[in-house]
Amino acid sequence: MSARVGTIYGVGLGPGAPDLLSVRADRLVRGATHIAYFRKAGRPGQARRIVEGMLRADAIELAMEYPVTTEIPLTDPRYNACLAAFYADCSARLIALAQAGADVVVLCEGDPFFYGSFMHLHARLSGVVPVEVVPGITGMAGAWNATAMPITWGDDVLTVAMATLPETELVRRIRDTDALVVMKIGRHLAKLRRAVAAAEREDAAWLVEHAAMPGQKVTRLVEADSVTPYFAILLIHGQGRRP
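No experiment lies behind these values; they were computed from the predicted model shown. (Residues numbered from 1 in each chain as written. Predicted model: local features only at pLDDT ≥ 70, side-chain atom pairs only at ≥ 80, totals over all residues. Heavy atoms only, no water.)

Trainee: Describe the overall build of the chain, and please don't skip the residues or the numbers.
Mentor: When you go through the chain residue by residue, the secondary structure sums to 7 helices and 10 strands. A compact globule built from 243 residues would reach a C-alpha radius of gyration of about 18 Å, and the chain, at 19 Å, matches this within 12%. Judged by the C-alpha coordinates and their principal axes, the chain covers about 65 × 45 × 30 Å. For the chain, buried positions account for 46% of its 243 residues. A sequence separation of at least 24 residues applies to 70% of the contacts in the chain between residues at least 6 apart. About 12,400 Å² of surface is accessible on the chain, with carbon and sulfur atoms providing 54% of the total. (Helix = DSSP H or I, 4+ residues; strand = E, 2+ residues; numbered from the N terminus. Rg over C-alpha atoms; globule rule 2.2 N^0.38 Å. Buried < 20%, exposed > 50% of the residue type's maximum accessible area, 1.4 Å probe, protein only. Contact = heavy atoms within 4.5 Å. Areas by Shrake-Rupley, 256 points an atom, 1.4 Å probe, with all protein chains shown as cover.)

Trainee: Mind laying out the sheet that holds strand S8 (residues 205-209), listing which residues take part and the relevant values?
Mentor: Read from one edge of the open sheet, 5 strands run S6-S7-S10-S8-S9, paired in mixed fashion. Every other strand in the sheet has two partners, leaving strand S6 (158-162) and strand S9 (217-220) as the edge strands with one partner each. With strand direction ignored, the average angle separating the axes of adjacent strands in the sheet is 20 degrees. The pairing of S8 with S9 spans 4 bridges and is antiparallel. Across the sheet, the residue bridging to Leu207 is Thr219, located in S9. Contacts from helix H5 (residues 139-146) reach S6, strand S7 (179-183), S8, S9 and strand S10 (232-236) within the one sheet, and its direction differs from that of S10 by about 60 degrees. (Pairing = 2+ DSSP bridges. Axes fitted to C-alpha atoms, helices over the stretch in contact; angles between N-to-C directions.)

Trainee: I'd love a proper account of the side chain of Gln46, names of residues and values included.
Mentor: Among the secondary structure elements, Gln46 is positioned in helix H2 (residues 46-50). Contact partners of Gln46, with chain neighbours within four places excluded, come to Gly16, Glu109, Met213 and Phe231.

Trainee: Tell me about the pattern of salt bridges, and please be specific about residues and values.
Mentor: Applying the stated criterion across every chain, the model contains 11 salt bridges. Notably, a salt bridge pairs Glu52 with Arg48, separated by 3.0 Å at the nearest N-O pair. Judged by relative accessible area, Glu52 falls into the exposed class, the value being 56%. Asp155 serves as the salt-bridge partner of Arg241, at 2.8 Å between the closest nitrogen and oxygen. With Arg241 in the segment after S10 and Asp155 in the loop between H5 and S6, the pair connects residues that are 86 residues apart, well separated along the chain. According to the relative accessible area criterion, Asp155 is exposed, its value standing at 56%. Several salt bridges share partner residues, and in doing so they unite Arg48, Glu52 and Glu61 into one network. (Salt bridge = Lys/Arg side-chain N within 4 Å of Asp/Glu carboxyl O.)

So this is what it looks like as structure tokens:
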């Protein structure tokens, strides 16, 4: 009889509140003997914070610490090389656990397949060991619900963009869509503010910080003078067809 091979689960935790996990995600997290999660070195990690108090007492934790975050520009070839080696090492560690028979739950903020780090593991794990993905509520859904306004109506087109895009590209995307979500704002707030102004949509733009987390903050863009480096999303709500 061949030895059992474990499964790697990419589990979406939603935008930040533990009670926004799906029933399936909650069951897997609480029952896991092996838990893996990404974090910045020296930090507990947002994904791990969400599940605080939910883990088994004997759960074995595997912290995967990013070797670089904002220290090297995205355009620097060293950035991709460094992260590629990191994801390859993380995947090798997970494969070894699965081949030894362990199931591993990888904690993922939001949804695992929506701009998340787990995607880079999935690409390396698929076809090698069993992998399953548990969807989660996206951070942007948590953000637009925090504004208490629908993000889209009728035939509205929703665009999701990264603030890391060149300014001219941001202007075009902001101008050409009905509803907008901008993520990964961080150090790019000044650039994003200029792009929104150039697209003549300043009065419609909102900033949501720490959506569905402690310290949630909703501010009109024109009134914001700073922004949380990571957990911030810009929104422009669609105003489309309705009865």
